[in-house]
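Residue strings, one per chain:
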There are 2 protein chains.
Amino acid sequence: MPNKPLSRATLGRLPEYISYLRLSVEGPMVSAATMARALGYGEVLVRRDLNAVCAAGRPKVGFPVEVLMADIEEALGVNDIAPVVVVGAGRLGRALQQHRGFRQYGFEIVAGFDINPHKWQPEWDHPVLPMEELSSFCRENEIRMGIITVPAAAAQQVCDSLVDCGITAIWNFAPCRLSVPEHVTLKQEDLALSLAHLSLQARLREKE
Amino acid sequence: MPNKPLSRATLGRLPEYISYLRLSVEGPMVSAATMARALGYGEVLVRRDLNAVCAAGRPKVGFPVEVLMADIEEALGVNDIAPVVVVGAGRLGRALQQHRGFRQYGFEIVAGFDINPHKWQPEWDHPVLPMEELSSFCRENEIRMGIITVPAAAAQQVCDSLVDCGITAIWNFAPCRLSVPEHVTLKQEDLALSLAHLSLQARLREKE
């Protein structure tokens with residue numbers, strides 16, 4: 001992997017590249033042109049990104065897939081597994097806890113938390129712990145990322161608790177806007193909005 | 001609501017506008033400038049979109065929130081509830097079936113399907129039915145949208161079944177690429193990729 005620091009924009013596209021390489025590429029070599037077409041980016045842009053992260057590309061031949069993937073994974077820091085907590089052990093929270101796809105991107109949801117004692121399962125592979133333990137757990141395990149799957153009415157309070165615990169990246173599935181301090185990165189997931197977008201695309205296509 | 005047909009681009013932004021209006025606006029009036037700032041669009045663009053969909057805007061005053069929301073909802077077709085099926089009644093499938101947010105965007109997940117007889121619950125509020133009934137159910141109920149939450153190995157087969165049943169919009173949560181015919185709109189959901197993006201944003205912010 002080349003030593004020059006990667007630009008913010010290049011880094012932002014790496015997860016898409018790795019996803020494409022993992023899911024769609026067959027054979028030992030891949031070209032920037034093929035990837036650009038598949039992902040809807042310009043060919044020059046993709047070639048520049050890939051050359052910035054991987055020195056093994058050859059003109060007219062492309063990149064060896066295994067080397068390219070390893071270099072992108074190293075750039076992404078995927079090889080250090082980052083621990084994540086989820087607050088809210090309802091169906092969605094439990095589904096995320098057991099989702100197998102996170103690990104190959106370098107994440108592991110190490111624990112869930114819930115206020116409801118009936119949900120506490122400290123002995124399980126995917127443990128669910130009392131909310132009271134959130135703070136000590138996060139500090140002891142140096143957790144930086146948290147997921148919120150509680151009802152909207154409780155989400156801001158949970159968000160504040162996560163921030164107090166030292167979490168700097170929050171993924172919110174509750175259908176409400178949250179306020180976070182400047183140093184915290186917040187991603188709002190709106191499943192219904194995603195479905196609305198899909199529906200609209202399908203309707204527009206039907207009219208074509 | 002004005003009668004001129006809306007552009008594809010305007011229609012595509014309406015779900016974001018309605019999401020913003022529902023979650024973030026307090027008070028009876030809202031201006032295009034405020035919405036543009038909050039959503040990261042240009043003010044001229046947002047004003048043009050809103051005027052295309054709602055005739056009640058006034059210079060320097062803005063739009064009455066209730067009227068604007070009603071007009072956007074009408075344009076989106078939210079008032080006709082569209083039925084959706086989900087295939088795969090694991091934790092994620094069940095979580096989506098019971099997710100409360102879909103209805104306010106005009107969607108209802110009317111049934112789940114699974115190959116495992118232990119998961120069949122035809123009597124429940126959110127029924128889970130045998131896969132064998134997928135085709136007749138979709139045809140009888142004129143279903144156009146389907147969600148896939150089965151394991152990756154089964155996803156293409158499920159996708160083909162949905163297409164055969166007349167589904168034209170598919171939302172895939174399985175971690176694999178799917179092939180669909182030209183007339184079908186496919187949205188690939190990659191939860192791990194979303195988490196990777198969030199992590200990256202947080203890391204870049206820490207370095208700032």
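In this report, we go over the structure that sits alongside the text. Just so it is clear, the structure is predicted and the values come from calculations on it, not from any experiment.

### A closer look at unusual backbone geometry
Peptide bonds are, in most cases, trans, and in most cases residues other than glycine have a negative phi.
Residues and elements named next belong to chain A.
And step 1. With a phi close to 65 degrees, Lys60 is a non-glycine residue in the positive phi region.
And step 2. Along the chain, Lys60 turns up in the loop between α3 (43–53) and β2 (63–64).
And step 3. Classification of Lys60 as exposed rests on a relative accessible area of 90%.

### Some details on α3(A)
Residue and element names in this part refer to chain A.
And step 1. Of all the residues in α3, the buried ones are Val46, Asp49, Leu50 and Val53. Seen from one end, α3 has its buried residues packed into an arc of 95 degrees, which puts them on one side. For α3, the exposed residues lying more than 90 degrees away from the buried face are Val44 and Arg48.
And step 2. Looking at the packing, one finds that the buried side of α3 touches α1 (8–24), α2 (32–39), β2 and α4 (65–76).

### Let's talk about the interface of chain B and chain A
And step 1. Counting residues at the interface gives 58 residues for chain B and 58 residues for chain A.
And step 2. A combined buried area of about 5,300 Å² lies between chain B and chain A, and 68% of that area is made up of carbon and sulfur atoms.
And step 3. Interface area lost by chain B to chain A is led by B:Arg91, B:Arg177 and B:Leu195, which between them contribute 13%.
And step 4. Taken together, the connections running from chain B to chain A amount to zero salt bridges.
And step 5. Counting across the chain B and chain A interface gives five residue pairs in polar contact (both at pLDDT 80 or more).
And step 6. Per element, the largest residue contribution to the side of chain B that touches chain A is 16 residues, and it comes from helix α8 (residues 191–207) of chain B.
And step 7. Looking at side-chain class alone, the side of chain B that touches chain A contains 31 nonpolar, 14 polar and 13 charged residues.

### Digging into the sheet that holds strand β6 (residues 145–148) of chain A
All names here are of chain A.
And step 1. Spatially, six strands are ordered β5-β4-β3-β6-β7-β8 in an open sheet, and the strand pairing comes out parallel. Across the chains shown, the open sheet's two edge strands, defined by having one partner strand only, are β5 (128–130) and β8 (185–188). Recorded for the sheet is a direction-independent mean angle of 25 degrees between the axes of neighbouring strands.
And step 2. Alignment of strand β7 (residues 169–172) against β8, held across four bridges, turns out to be parallel. Paired with Asn172 across the bridge in β8 is Gln188.
And step 3. Lying on the sheet, helix α5 (residues 91–98) is in contact with β3 (82–87), β4 (107–114), β5 and β6; it crosses β4 at an angle near 155 degrees.
And step 4. Packed onto the sheet, helix α7 (residues 152–164) meets β3, β6 and β7 and runs at close to 170 degrees relative to β6.

### As for the pattern of salt bridges
Residue and element names in this part refer to chain B.
And step 1. For the structure on display, the rule yields eight salt bridges over all chains.
And step 2. Among the ionic pairs, Glu73 bridges to Arg22, the shortest N-O distance being 2.8 Å. Residue Glu73 is located in helix α4 (residues 65–76), and its partner Arg22 is located in helix α1 (residues 8–24); the two are separated by 51 residues in the primary sequence.
And step 3. Residue class for Glu73 comes out buried when judged on its relative accessible area of 17%.
And step 4. A relative accessible area of 22% places Arg22 in the partly exposed class.

### Things to note about the pairing of strand β7 (residues 169–172) of chain B
Working note: regular strand, side chains alternate between the two faces of the sheet.
Residues and elements named next belong to chain B.
And step 1. Alternating residues of β7 divide into Ala169 and Trp171 and Ile170 and Asn172, and every residue in both groups is buried.
And step 2. Two elements, strand β6 (residues 145–148) and β7, share four bridges in a ladder whose sense is parallel. Note on β7: the bridge partner recorded for Met145 is Ala169.
And step 3. Once you follow β6 into helix α7 (residues 152–164) and on to β7, the crossover reads as right-handed.

### Focus: the side chain of B:Asp190
And step 1. With respect to the element layout, B:Asp190 can be found in the loop between β8 (185–188) and α8.
And step 2. The buried charged residue B:Asp190 lacks any salt bridge, with B:Arg177 as its nearest oppositely charged partner at 6.3 Å.
And step 3. Side-chain polar atoms of B:Asp190 contact the backbone nitrogen of B:Leu193, separated by 3.0 Å.
And step 4. If near-sequence neighbours (up to four positions away) are discounted, B:Asp190 is found in contact with A:Ser19 and A:Tyr105.

Each value, and the rule that gives it
- Residues numbered from 1 in each chain as written.
- Chains lettered and ligands numbered in written order.
- Predicted model: local features only at pLDDT ≥ 70, side-chain atom pairs only at ≥ 80, totals over all residues.
- Heavy atoms only, no water.
- Helix = DSSP H or I, 4+ residues; strand = E, 2+ residues; numbered from the N terminus.
- Buried < 20%, exposed > 50% of the residue type's maximum accessible area, 1.4 Å probe, protein only.
- Arc of directions from axis to C-beta.
- Contact = heavy atoms within 4.5 Å.
- Buried area = accessible area lost by both parts, 1.4 Å probe.
- Salt bridge = Lys/Arg side-chain N within 4 Å of Asp/Glu carboxyl O.
- Polar contact = N/O pair within 3.5 Å; in protein donor to acceptor, adjacent residues only side chain to side chain.
- Nonpolar A, V, L, I, M, F, W, Y, C, P; charged D, E, K, R; others polar.
- Pairing = 2+ DSSP bridges.
- Axes fitted to C-alpha atoms, helices over the stretch in contact; angles between N-to-C directions.
- Right-handed = clockwise from strand over helix to strand, strands pointing away.
- Lys, Arg positive; Asp, Glu negative; His and termini not counted.

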